[in-house]
Amino acid sequence: MSDSPVPGSLVALPGHLYVIATPIGNLNDLTDRARALLGSVDILACEDTRTTGAMLNRLSLRRDLVAYHEHNEVEAAERLAELISQGRSVGLVSDAGTPALSDPGFRVVRACRRRGLPVVPIPGPCALTAALCAAGLPTHGFLFVGFLPPKSSARIAFLEKYRTFEFTLALYESCHRIAKFADEIAELLGPDRVVCIAKELTKLHETFWVGRSADVRDRLAKANLKGEFVVLIASESYTL
Ligand code: SAM
């Protein structure tokens, strides 16, 4: 068991893992602390070297990158934890947003915690919190489930299971299924269930559709649905 390190330094400390949030669309959302650590860690691990390389280029930062993604996560987590235990500082980023939230990251954090190595969060952009904080649906409690399985039957089973859940439900959904999912919500949870569908947060075409599920479904049917989406579903007792 390790005590938490004192955070705050803009220079990476030896033997630390930094979990660094990066923008979900707007580069200005990168924090000063994230930028400083991106430039100072010994090793920067990322999901896709091209995506992170492009971000670093825009920040005029030149870094060698190592891959840490869903296909090598088990082995890479142990290797990175070993390097940290030898005194190297490691930064972990994902393609966008907060690592380990519907993104790779959990395994290297766990590997460090198991070895008693310090892990420092560098908080910042996250599609989940961006949607929640601006939707106007209750936020005193929520259940985030990431992505649902692509099959319609799994989404329907989820909606049935949580029909009477007392807090807000939050999930990520792909542009290919968002219209269908909005339809399923209106059909299964009823036309008056309050929902928010947030598209392209922090980007040029950021849009919030908030209202009765039947109305949101109808508005979505006429909208351009290219982009990235967060779905929020209020509890059945909530009305606008
Ligand atoms: N770890 C990331 C985070 O902190 O938000 C999420 C990564 S997950 C692989 C990607 C999904 O997050 C997208 O398919 C979409 O559902 C959601 N997402 C990411 N960026 C978004 C944005 N700018 N607007 C809306 N949803 C977004």
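S.K.: Would you mind going over the site of the ligand with me for this structure?
M.R.: Neighbouring the ligand are 18 residues, the closest being Thr98, Leu101, Asp103, Leu201 and Phe229. At 2.8 Å from an oxygen atom of the ligand is found a main-chain nitrogen or oxygen belonging to Thr98. At a separation of 2.6 Å, an oxygen atom of the ligand approaches a polar backbone atom of Phe229. With the chains in place, 90% of the 570 Å² that the ligand exposes on its own is no longer accessible.

S.K.: Teacher, can you tell me more about the domain arrangement of the chain here?
M.R.: Quoted interface sizes are often the accessible area lost when the parts come together. With domains assigned, the chain is organised as domain 1 (17-122) and domain 2 (127-233). Computed from C-alpha atoms alone, the centre-to-centre distance between domain 1 and domain 2 is 29 Å. In this assembly, six residues from domain 1 lie in contact with nine residues from domain 2. Buried area between domain 1 and domain 2, both sides added, is near 550 Å², and the carbon and sulfur share of it is 62%. When residues of domain 1 are sorted by the area they lose upon contact with domain 2, Ile24, Leu101 and Ser102 head the list and together hold 78% of the total. Joining domain 1 to domain 2, the criterion identifies zero salt bridges.

S.K.: I keep staring at the sheet that holds strand 1 (residues 17-20) and nothing clicks. Help me out?
M.R.: The strands that make up a sheet are held in pairs by hydrogen bonds between backbone atoms, and each pair lies either parallel or antiparallel. A sheet is described by the order of its strands in space; here five strands give the open sequence 3-2-4-1-5, paired in parallel fashion. Of all strands in the sheet, those with a lone pairing partner are strand 3 (65-67) and strand 5 (119-122), marking the two edges. In this sheet, neighbouring strand axes are inclined to one another by 25 degrees on average, regardless of whether the strands run parallel or antiparallel. Along the sheet face, helix 1 (residues 32-40) touches strand 1, strand 2 (43-46) and strand 5 and points at about 130 degrees away from the line of strand 5. In the packing of helix 4 (residues 106-115) onto the sheet, contacts are made with strand 1, strand 4 (90-92) and strand 5, and the angle to strand 1 comes to roughly 150 degrees.

Criteria and thresholds
- Residues numbered from 1 in each chain as written.
- Predicted model: local features only at pLDDT ≥ 70, side-chain atom pairs only at ≥ 80, totals over all residues.
- Heavy atoms only, no water.
- Near = heavy atom within 4 Å.
- Polar contact = N/O pair within 3.5 Å; in protein donor to acceptor, adjacent residues only side chain to side chain.
- Areas by Shrake-Rupley, 256 points an atom, 1.4 Å probe, with all protein chains shown as cover.
- Domains from an automatic or database assignment.
- Contact = heavy atoms within 4.5 Å.
- Buried area = accessible area lost by both parts, 1.4 Å probe.
- Salt bridge = Lys/Arg side-chain N within 4 Å of Asp/Glu carboxyl O.
- Pairing = 2+ DSSP bridges.
- Helix = DSSP H or I, 4+ residues; strand = E, 2+ residues; numbered from the N terminus.
- Axes fitted to C-alpha atoms, helices over the stretch in contact; angles between N-to-C directions.

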